[in-house]
Amino acid sequence: MTTLINIQSEQKFGDMIYGSGISGITDNSLLSTGYSQSKNGYAGVSFTLPKKIEKVRVWSAANGFDASGLTTAINLTLRAKNGSVPTSRTDGTVLASISFVDQNTQHFKDLVSIDIVTEWDHVWVECTTDVWTVFAELEFYEVDAQTPSPEPDFITVNNVSIMQKSC
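As the structure is a computational prediction, the values presented were derived from the model and not from experiment.

A. Representation of the overall build of the chain within the structure. Across its full length, the chain carries one helix and 13 strands. Helices and strands in the chain line up, N terminus first, as β-β-β-α-β-β-β-β-β-β-β-β-β-β. Per-residue burial for the chain yields a buried fraction of 41% across its 167 residues. Within the chain, residue pairs in contact and separated by at least 24 positions form 76% of the contacts whose partners lie at least 6 positions apart. Accessible surface, the chain as shown: approximately 8,800 Å² in total, 53% of it carbon and sulfur.

B. Just the pattern of salt bridges, in detail. A full pass over the atoms with the stated rule returns five salt bridges. Arg57 is paired through a salt bridge with Asp110; the nearest N and O atoms lie 2.7 Å apart. A residue pair is termed long-range when its members are at least 10 positions apart, and Arg57 in strand E5 (residues 40–59) and Asp110 in strand E8 (residues 108–112) qualify at 53 residues. The partner of Glu126 in a salt bridge is Arg89, and the shortest N-O contact between them spans 2.2 Å. Residue Glu126 is located in strand E9 (residues 119–128), and its partner Arg89 is located in the loop between strand E6 (73–81) and strand E7 (93–101); the two are separated by 37 residues in the primary sequence.

C. Summary view of the packing of aromatic side chains. Across all of its chains, the model carries eight aromatic pairs by this definition. Judged by centre distance (5.8 Å) and plane angle (70°), the ring pair of Phe13 and Trp124 falls under edge-to-face. Of this pair, Phe13 sits in strand E2 (residues 11–14) while Trp124 sits in strand E9, and the two are 111 residues apart along the sequence. This pair shows no difference in class: Phe13 is buried, exactly as Trp124 is. Taken together, the ring pairs connect Phe13, Tyr42 and Trp124 into an aromatic cluster. When the ring centre of Tyr141 is taken as reference, the NZ or CZ atom of Lys55 above it lies at 4.8 Å.

D. Quick peek at the sheet that holds strand E10 (residues 133–135). Pairing is antiparallel across the open sheet formed by three strands, whose spatial order is E3-E4-E10. Edge positions in the open sheet fall to strand E3 (18–19) and E10, since each of these has one partner strand only. Across three bridges, the pairing between strand E4 (residues 34–36) and E10 is antiparallel. Looking at the pairing, Tyr35 lines up with Val134 of E10.

E. Structural detail: the nonpolar core. Within the largest apolar cluster, 27 residues are counted, with the highest numbers of intra-cluster contacts made by Leu76 and Phe135. When residues of this core are traced back to their parent elements, those giving at least two are helix H1 (21–25), E5, E6, E7, E9 and strand E11 (137–143). Once residues within four sequence positions are removed from consideration, Phe135 is found in contact with Met16, Ile25, Ser32, Thr33, Gly34, Ala43, Val58, Trp59, Phe65, Leu76, Val125 and Cys127.

F. Structural view of unusual backbone geometry. Its identity as a non-glycine residue notwithstanding, Asn28 has a phi of 65°, on the positive side. Mapping Asn28 onto the fold places it in the loop between H1 and E4. Classification of Asn28 by relative accessible area gives exposed; the value is 62%. Non-glycine residue Ala67 carries a positive phi angle of around 55°. By secondary structure assignment, the location of Ala67 is in the loop between E5 and E6. Of the residues examined, Ala67 reaches a relative accessible area of 33% and is grouped as partly exposed.

Definitions and limits used
Residues numbered from 1 in each chain as written. Predicted model: local features only at pLDDT ≥ 70, side-chain atom pairs only at ≥ 80, totals over all residues. Heavy atoms only, no water. Helix = DSSP H or I, 4+ residues; strand = E, 2+ residues; numbered from the N terminus. Buried < 20%, exposed > 50% of the residue type's maximum accessible area, 1.4 Å probe, protein only. Contact = heavy atoms within 4.5 Å. Areas by Shrake-Rupley, 256 points an atom, 1.4 Å probe, with all protein chains shown as cover. Salt bridge = Lys/Arg side-chain N within 4 Å of Asp/Glu carboxyl O. Phe/Tyr/Trp six-rings, centres within 6.5 Å; stacked < 30°, edge-to-face > 60°. Lys NZ or Arg CZ within 6 Å of the ring centre and 35° of its normal. Pairing = 2+ DSSP bridges. Core = buried A, V, L, I, M, F, W, Y, C linked by side-chain atoms within 4.5 Å.

Printed below as a string of structure tokens:
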């Protein structure tokens, strides 16, 4: 189970400073957008207390992630870092990445982390397009600390217990 993280009091960062800027991307509204006037852009949050990130939901503008009205290729990458705030959009560990052809509607994409164990200080989403990069909203979800870990799955062969490998 995951929990939506309240990011209102957390520090934000990135280069999507046009339009409503980073504050528009993190204001709990799909009506405001922040964008970068380039083919690459990013926006994220620095957490006061590190978080185990399960996924980040990224909402596009009303006319897609590139706001062009075209059907262009989009790449979204979820990244994280501990220590200092990232110095660029690529300064961190890749947790998820997806590629798709943009839709000219407001929609979202979920970037599901491959690492739900590490607690991260800084988490952000990078966008690459053929036009400008635009987000309407970022929603960060953490692994629910109240959810118990699954019990190991053992099999017994000749009175010897063996833990099965899981994927």
